[in-house]
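What follows is the residue order along each chain.
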Amino acid sequence: KQEVTQIPAALSVPEGENLVLNCSFTDSAIYNLQWFRQDPGKGLTSLLLIQSSQREQTSGRLNASLDKSSGRSTLYIAASQPGDSATYLCAGGGATNKLIFGTGTLLAVQP
Amino acid sequence: DTGVSQNPRHKITKRGQNVTFRCDPISEHNRLYWYRQTLGQGPEFLTYFQNEAQLEKSRLLSDRFSAERPKGSFSTLEIQRTEQGDSAMYLCASSRLGDKTYEQYFGPGTRLTVT
């Protein structure tokens, strides 16, 4: 059974700092790993998707990596901004395509 | 294409009442998923459809819950005899069969409050 864990649960950083969010999963037989952003009371916005055959994906200031052998993914955010404040969720997709989510990291970027 | 839409966005109901939510996926997407998210937790899978066929249901989907996708387009999720523990955000997502990335696109969710 796939289990996904995110560390830390909450993070507060000053504006401009680079930061890393961590995600670990127990079953390496994943098809993909998706990172999402969720603003309070809102739905999920997809940030990056890494297929099982890939090592990393980049979009703007965001870079996500995937290491299936160690069961880990990281989301790197460069030059953080107050607008990056949100909850970040990672989710692993398996053979049936349902996503198994972590509990998220609540990020606060202080101006 | 405006993405996945869900209605209503908010629903307040009294315990014991029935509620129904609707999800309209992205038009060419033939896979549709329902998830439930409680406060402070990540979303949990409930069920998924490929076209009109319901292919998987979670144990979270008790007999008070039923989901349909009659024509392979929009889907409805009904909760009968609601309980306070049903209060949550109900999220719908869709994806396209044949898309090798299996990427899922989420709607804005329906927030249910049972009083």
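What this report covers is the structure whose coordinates are included nearby. (Residues numbered from 1 in each chain as written. Chains lettered and ligands numbered in written order. Predicted model: local features only at pLDDT ≥ 70, side-chain atom pairs only at ≥ 80, totals over all residues. Heavy atoms only, no water.)

### Describing the pattern of salt bridges
As enumerated under the stated definition, the model contains six salt bridges over all chains in all. Across the salt bridge formed by A:R61 and A:D84, the nearest N and O atoms sit 2.8 Å from each other. Taken together, the residues span a long stretch of sequence, with A:R61 in the loop between β6 (56–59) and β7 (62–67) and A:D84 in the loop between β8 (72–77) and β9 (86–93) at a distance of 23 residues. A:D84 gets classed as buried once you look at its relative accessible area, which sits at 8%. Between B:D86 and B:R64 there is a salt bridge whose closest N-O contact spans 2.9 Å. Residue B:D86 is found in the loop between β8 (75–79) and β9 (88–95), and its partner B:R64 is found in the loop between β6 (53–57) and β7 (65–68); the two are separated by 22 residues along the sequence. A single burial state applies to B:D86 and to B:R64, both of which are buried. Several salt bridges converge on common partners, so that one network encompasses B:R64, B:E83 and B:D86. (Salt bridge = Lys/Arg side-chain N within 4 Å of Asp/Glu carboxyl O. Helix = DSSP H or I, 4+ residues; strand = E, 2+ residues; numbered from the N terminus. Buried < 20%, exposed > 50% of the residue type's maximum accessible area, 1.4 Å probe, protein only.)

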